Amino acid sequence: MAEHGGPCEAAEASYCMNGAACYKIPSVLSPTCVCAENYRGSRCEQFQLFSSSGGSGETGLIIAVVIVALFILVALAVVIYCCKTWRQKSNGGKGLLRT
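Residues numbered from 1 in each chain as written. Predicted model: local features only at pLDDT ≥ 70, side-chain atom pairs only at ≥ 80, totals over all residues. Heavy atoms only, no water.

## Concerning the overall build of the protein
In step 1: Along its length, the protein carries 1 helix and 5 strands.
In step 2: Order of helices (α) and strands (β) in the protein, N terminus to C terminus: β-β-β-β-β-α.
In step 3: Looking at the protein as a whole, 10% of its 99 residues are labelled buried.
In step 4: Within the protein, contacts between residues separated by at least 24 positions form 16% of all contacts whose residues are at least 6 apart in sequence.
In step 5: Put simply, the protein shows about 8,200 Å² of open surface, and 63% of that area lies on carbon and sulfur atoms. (Helix = DSSP H or I, 4+ residues; strand = E, 2+ residues; numbered from the N terminus. Buried < 20%, exposed > 50% of the residue type's maximum accessible area, 1.4 Å probe, protein only. Contact = heavy atoms within 4.5 Å. Areas by Shrake-Rupley, 256 points an atom, 1.4 Å probe, with all protein chains shown as cover.)

Listed below in structure tokens is the structure:
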């Protein structure tokens, strides 16, 4: 901002809010504010909350891992059921095979 104008004079120093830097630009009638982090608006009067959702890629990866784990559990349950059924049929329906 310094190449476009200088700091505001004492009378305009309170124009910007929430710790923003005030600059007077010759081509602009009113002072210009450079807002501190999390503030926006022409005078930095609006507090802006940022979402910390952590990234959608991470959430997608977690969902994919859960789905794969469930698929593996279902497949394992089907294999166990088929093995028990096959053993019972080969044993004549008398229960488990004896060794």
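## What to know about the UniProt feature "transmembrane region" (unreviewed entry) in the protein
In step 1: Here the UniProt feature "transmembrane region" (unreviewed entry) sits at residues 61-83.
In step 2: This span, residues 61-83, is 100% helix and 0% strand, and a straight line between its end C-alpha atoms measures 33 Å. (UniProt positions renumbered as here; feature names shortened; annotations may be inferred.)

## A look at the sheet that holds strand S2 (residues 21-24)
In step 1: Pairing in this open sheet of 3 strands is antiparallel, and the strands run S1-S2-S3 from one edge to the other. One side of each edge strand has no neighbouring strand; the edge strands of this open sheet are strand S1 (6-7) and strand S3 (32-34).
In step 2: Relative to S3, S2 runs antiparallel, the two sharing 3 bridges. Across the sheet, residue Tyr-23 finds its bridge partner in S3, namely Thr-32. (Pairing = 2+ DSSP bridges.)

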